[in-house]
Amino acid sequence: MPSMLRTDWFGPLAVTVLAVLVITAFSPSFLSPLNIQVLLLAIAVNGLIAFSQMIIIAVGQMNLSVGAIGGLAAIAFAGMMEVWGLPAPLAAVGALGVGLAAGLLNGCFIAWTGISAFVITLASLSIFKGLNLAITRAQPFYGVPDAVKAFGNTTFLGPLPWLLIPSAIVFGLTWYLLNRLPLGRHILAVGGNAHAAELSGISVSRTVIAAHALSGALAALAGVALVARLQIGQPTIGDDWLILSFAAPVIGGAVLAGGHVSATATVLGVAIVAIMTQALVLFHIDPFLVQVVLGALILWAVGINRWREVRVAGALRRI
């Protein structure tokens, strides 16, 4: 039990369970099948968004263009089906390719120029969003096949949405990457101390490029999932992802300086955000307060992480 208390996921899990119990006490309809389905759909899509940022946080950087990449991939997915008549699987592969290429561009510019990821991804955010609007003329793509719409809005085994399957696969693969594969260890090592990682033989530039490529692909997958969920290729997809993409990993104990993230705790962070958002809807509270809640949650999580760091530092000094 004491070892469990020290894990990154125990705190978010306790908050999740407590939030569910409190909200259910005031609104029993919170655990209705329909509400569970809506909650799981939000977790499925938002989890992909959170993982796309979590990979970059792990390497000690940030990606401000997550939403712009996801939006560009989303309209590419819908556009390839409507304009070119491509089957949904081929269009999805093409959209993932768009996200992967966008992430590679970010990573290459950061690695080759040495310019801050903040500056590079801020610039690419504007570029990718501009391409989005140039392609769509700010008009949605409506030609989304019925099969794609069904995948984004139907369920299996009761309230479980089909969209949960790709998110669960990504969670498993991300956990395996960070905990079992050399690339994952390299990402965490570079995030922890890039100079030490380089001295140990790790290529910092290749690791940064790989992390941004993965981030772009995950953002693209989130964009594809959202097209299926919304049943339309909306050019505004991704515009509101930035705060959310940071909130879930940080609530999950991610260190913004890099070197420490948790896939499991990030999923629980996504669940906390989804539960809080759904609670605001159930209690008829202004939905614009969601942004206020997200900001407060980020401040709370960062404060908790800082408090833990101070405690560890104090314990080490006493030793």
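To keep things clear, this report deals only with the structure shown in the data block.

What counts as what
- Residues numbered from 1 in each chain as written.
- Predicted model: local features only at pLDDT ≥ 70, side-chain atom pairs only at ≥ 80, totals over all residues.
- Heavy atoms only, no water.
- Salt bridge = Lys/Arg side-chain N within 4 Å of Asp/Glu carboxyl O.
- Helix = DSSP H or I, 4+ residues; strand = E, 2+ residues; numbered from the N terminus.
- Buried < 20%, exposed > 50% of the residue type's maximum accessible area, 1.4 Å probe, protein only.
- Arc of directions from axis to C-beta.
- Contact = heavy atoms within 4.5 Å.
- Axes fitted to C-alpha atoms, helices over the stretch in contact; angles between N-to-C directions.
- Parallel < 35°, antiparallel > 145°, perpendicular 65-115°, else oblique.
- Left-handed = near helix turned anticlockwise from the far one by under 90°.
- Nonpolar A, V, L, I, M, F, W, Y, C, P; charged D, E, K, R; others polar.

## Side note on the pattern of salt bridges
The final tally for this structure, using the stated rule, is one salt bridge. A salt bridge links D239 to K129; the shortest N-O distance between them is 2.9 Å. Placement of the pair is D239 in the loop between helix 11 (204-230) and helix 12 (241-251) and K129 in helix 6 (residues 117-136), with a sequence separation of 110 residues.

## Side note on helix 9 (residues 182-192)
Residues spaced three or four apart along an α-helix face the same direction, because each turn holds 3.6 residues. Along helix 9, the residues that are buried comprise G184, I187, V190 and G191. Here the buried residues of helix 9 occupy an arc of 130 degrees about the axis, which is enough to place them on one side. Of the surrounding elements, those touching the buried residues of helix 9 are helix 3 (33-58), helix 8 (164-180), helix 10 (194-199) and helix 11.

## Section: the packing of helix 4 (residues 66-82) against helix 6
Contact pair helix 4 / helix 6: the axes reach a minimum separation of 8 Å and the direction vectors enclose 25 degrees. On the basis of their axis angle, the class for helix 4 and helix 6 is roughly parallel. Seen from above, helix 4 lies across helix 6 with left-handed handedness. Seen from helix 4, the contacting residues are A68, I69, G71, L72 and I75; seen from helix 6, they are L125, F128, K129, L131, N132, I135 and T136. Split into classes, the residues belonging to the contact of helix 4 with helix 6 amount to eight nonpolar, three polar and one charged.

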